[in-house]
There are 2 protein chains.
Amino acid sequence: MEERRVSEAVIRRLPKYYRQLTALQKEGVERISSGKLAQQMRLNASQVRQDFNCFGGFGQQGYGYNVDNLLEEIRNILALNRTYKAIIVGAGRIGTALVNFSGFAQEGIQIEALFDIDPERIGQTINDKPVLALEEMEDYIRKQKISIGIIAARRSAAQSIADKMKVAGIKGIWNFVPMDIVEEGIPVENIHMTDSLICLCYHMEHSDGKRRRSNA
Amino acid sequence: MEERRVSEAVIRRLPKYYRQLTALQKEGVERISSGKLAQQMRLNASQVRQDFNCFGGFGQQGYGYNVDNLLEEIRNILALNRTYKAIIVGAGRIGTALVNFSGFAQEGIQIEALFDIDPERIGQTINDKPVLALEEMEDYIRKQKISIGIIAARRSAAQSIADKMKVAGIKGIWNFVPMDIVEEGIPVENIHMTDSLICLCYHMEHSDGKRRRSNA
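What you see is a predicted model, and the numbers here were worked out from it, not measured in a lab.

## What to know about the packing of helix 1 (residues 8-26) of chain A against helix 3 (residues 45-53) of chain A
Residue and element names in this part refer to chain A.
Here's step 1: Interaxial distance between helix 1 and helix 3 falls to 11 Å at its minimum, and their mutual angle equals 105°. Taken together, the axes of helix 1 and helix 3 are roughly perpendicular relative to one another. Every residue of helix 3 that contacts helix 1 at V10, R13 and Y17 is listed here: Q47, V48, D51 and F52.
Here's step 2: By residue class, the composition of the contact of helix 1 with helix 3 is four nonpolar, one polar and two charged.

## Focus: the domain arrangement of chain A
Here's step 1: The domain boundaries assigned to chain A delineate domain 1 (8-77) and domain 2 (84-184).
Here's step 2: On a C-alpha basis, the centres of domain 1 of chain A and domain 2 of chain A stand 33 Å from each other.

## Overview of the packing of aromatic side chains
Residue and element names in this part refer to chain A.
Here's step 1: Enumeration over the complete set of coordinates arrives at eight aromatic pairs over all chains.
Here's step 2: Taken together, a centroid distance of 5.4 Å and an interplanar angle of 70° make the contact between F115 and Y140 edge-to-face. Linking F115 in strand 4 (residues 109-116) with Y140 in helix 7 (residues 137-144), this pair joins segments that are 25 residues apart in sequence. For the pair shown, F115 and Y140 are each scored as buried.
Here's step 3: Among the aromatic side chains, those forming a connected cluster through ring pairs are Y17, F52 and Y65.

## Some details on the pairing of strand 8 (residues 172-175) of chain B
Residues and elements named next belong to chain B.
Here's step 1: Of the two faces of strand 8, both are covered, the one formed by G172 and W174 as well as the one formed by I173 and N175.
Here's step 2: As paired strands, strand 7 (residues 148-151) and strand 8 are joined by four bridges and run parallel to one another. If you follow G149 over to strand 8, its bridge partner there is I173.

## A word on the interface of chain B and chain A
A common measure of how large an interface is: the accessible area buried when the components associate.
Here's step 1: Facing the 76 residues of chain B at the interface are 76 residues of chain A.
Here's step 2: Contact between chain B and chain A buries roughly 7100 Å² in total, counting both sides, with carbon and sulfur atoms accounting for 62%.
Here's step 3: Here chain B is connected to chain A by six salt bridges.
Here's step 4: Our enumeration of links across chain B and chain A arrives at 15 residue pairs in polar contact (both at pLDDT 80 or more).
Here's step 5: Listed by contribution, the elements that provide at least two residues to the side of chain B that touches chain A are helix 1 (8-26), helix 5 (93-100), strand 8, strand 9 (187-190), helix 9 (193-205) and strand 10 (212-215) of chain B.
Here's step 6: It is helix 9 of chain B that provides the largest number of residues to the side of chain B that touches chain A, a total of 13 residues.

## What about the relation of the copies chain B and chain A?
For these two chain copies, the linking operation is a rotation about an axis paired with a shift along it.
Here's step 1: Structural alignment of chain B on chain A gives an RMSD of 0.0 Å, achieved by rotating through 180° and translating 0.0 Å along the axis. Those values place the two copies in the arrangement expected of a two-fold rotation axis.
Here's step 2: In this assembly the copies share their binding face: 100% of the residues contributing to the interface of chain B also contribute to that of chain A.

## So, the nonpolar core
Here's step 1: With 48 residues, the main nonpolar core has I148, I150 and W174 of chain A together with I148, I150 and W174 of chain B as its most contacted residues.
Here's step 2: If near-sequence neighbours (up to four positions away) are discounted, I150 of chain B is found in contact with A86, I87, I88, V89, L98, I111, M165, W174 and F176 of chain B.
Here's step 3: Formed by 28 residues, the second largest nonpolar core is a distinct cluster that contains V6, I32, M41 and F58 of chain B.

## Considering the side chain of D180 of chain B
Here's step 1: Along the polypeptide, D180 of chain B turns up in the loop between strand 8 and strand 9.
Here's step 2: Polar side-chain contacts of D180 of chain B include one of 2.6 Å to the side chain of H192 of chain B.

## Comments concerning the side chain of R19 of chain A
Here's step 1: With respect to the helices, strands and loops of the structure, R19 of chain A is situated in helix 1.
Here's step 2: Overall, R19 of chain A belongs to the buried group, its relative accessible area being 14%.
Here's step 3: Among all residues touching R19 of chain A, those that are not within four sequence positions of it are R155, P178, M179, D180, H192 and D195 of chain B.

## Things to note about the pattern of salt bridges
Here's step 1: If you walk through the whole model with that rule in mind, you get 18 salt bridges over all chains.
Here's step 2: D195 of chain A is the salt-bridge partner of K16 of chain B, the closest N and O atoms lying 3.5 Å from each other. Taken together, the residues span two chains, with K16 of chain B in helix 1 and D195 of chain A in helix 9 (residues 193-205). Both residues of the pair, K16 of chain B and D195 of chain A, belong to the buried class.
Here's step 3: Of the charged contacts in the structure, one is a salt bridge between R121 of chain B and D118 of chain B, with a shortest N-O distance of 4.0 Å.
Here's step 4: The class of D118 of chain B is partly exposed, set by a relative accessible area of 27%.
Here's step 5: Linked by salt bridges that have partners in common, E8, R12 and E189 of chain A make up one network.

Thresholds applied
For every chain, the first residue of its written sequence is number 1, and the numbers climb from 1 along that sequence. In the order they appear in the text, chains get letters beginning with A and ligands get numbers beginning with 1. Given that the model is predicted, a residue must reach a pLDDT of at least 70 before its local features are reported, and side-chain atom pairs must reach 80 or more before they are shown or counted; all residues, however, enter totals for whole chains, interfaces and linings. Here the side-chain values reflect all heavy atoms present in the structure, with hydrogen atoms and water set aside. Interaxial angle, 0 to 180 degrees, is taken between N-to-C directions of lines fitted to C-alpha atoms, where a helix line uses only the stretch in contact. Runs of H or I in DSSP of at least four residues are treated as helices and runs of E of at least two as strands, each being numbered from the N terminus. Working rule for angles: under 35 degrees goes down as roughly parallel, over 145 as roughly antiparallel, 65 to 115 as roughly perpendicular, anything else as oblique. Working rule for contacts: check all heavy atoms of both residues, and any pair within 4.5 Å makes them a contact. Lys, Arg, Asp and Glu make up the charged group, whereas Ala, Val, Leu, Ile, Met, Phe, Trp, Tyr, Cys and Pro make up the nonpolar group; the residues left over, Gly among them, are polar. What fixes the domain bounds is an automatic or database domain assignment. Note on ring pairs: Phe, Tyr and Trp rings are taken, using the six-membered ring of Trp, and paired if centres are within 6.5 Å. Classes follow the plane angle, with under 30 degrees stacked, over 60 edge-to-face and the rest tilted. Burial classes follow relative accessibility: with a 1.4 Å probe on protein chains only, a residue under 20% of its type's maximum area counts as buried, one over 50% as exposed, and anything between as partly exposed. Only strands joined by at least two bridges in the DSSP assignment are considered to pair. We define buried area as the total accessible area lost by two parts upon association, computed with a 1.4 Å probe and summed across both. Take a side-chain nitrogen of Lys or Arg and a carboxyl oxygen of Asp or Glu: if they are within 4 Å of each other, that pair is a salt bridge. Two N or O atoms count as a polar contact when they lie within 3.5 Å, although within protein this holds only if one can serve as hydrogen donor and the other as acceptor, and sequence-adjacent residues are included solely when both atoms are side-chain atoms. Least squares is the method for superposing the copies, and the C-alpha atoms it fits come from residues with pLDDT of at least 70 in both. Note on terminology: a nonpolar core comprises buried Ala, Val, Leu, Ile, Met, Phe, Trp, Tyr and Cys residues joined through side-chain atoms within 4.5 Å.

This is the structure we're talking about:
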């Protein structure tokens, strides 16, 4: 399947299609029209068709989309049919919550180890994963061929950890520190939970009674 | 200060200004130009000026912005100078991670209790907060004047929990269930961590060596 240049907005919608189609498959739905899918996802039908056209289009006029096929194609586009090895830097509350979260394994993300600078934490295990000394991180990334670096460390250390990860060969960074990390040449996703909470409070204070829905 | 109608994009940037200015204040910086602030945040100077103009503008030609004043104004706009009572529905891994996360208290969010349907969990405490039976939720919201409902329950139950929260008088919903919750009349923020991870994997597979940075 030939791929065109795809906009960030379309890429951001792909996981939502993936979630919705997974739910439909579980319900035993075999095929669905772009109109019905759009309605369920609160998009419009022509946008749904346009989005799928970016990847070559999978629908058939008058039939709609075969749910199994479409889901498989989206899994391929999203590269969800493979496994990624990941490490977490920072074995504090967020790092611990992440290593305990079972949702990653479903998406093929395997957490291999955590890293920290606190001697009390180093040598422990969390959910059967070892907590290692931060100075060992670069060697570990190289030897274990780690592709995803998850950062849940202190703000002041975050950018330098990201820099070291990149030099050691990390392919992508998932950042939970409340600042935007930038690395030339590799993708970075910044998760700012507190920003989302702050936007919620803003809307609560400035609510005009209309429907509001936001995706962080 | 008079507020104009503010676009969602500007609202989404406010927490980032808030974070950056908080960091500057901690570093002892007293004033900053729009150009410098823009550079630090990888925006452009005219965008920064336009954003602040939405709220009346706080700068002075040739002087720049006073960091303390600007931060205080943004705190006011974001309604961060007050306290919100919150509950969490779902005392599983995500609910537990959230109640253990200290960052909310800093933003004035006070978690009062968790709710669950699992008899093993009901009656326990997590980080000193009681886990109560879900059927008590609506009464609790009314009596304790809870304003924020955090949902970390099963997918199939999420929308009906949100509906009950709204009827009981919740002012805003923060959703961690991997589906988009919609409630007419009250703001909802959906946090989809897995979507962000999936987008990261997509960019890793389709990386063209250019800088990529995304904010979830």
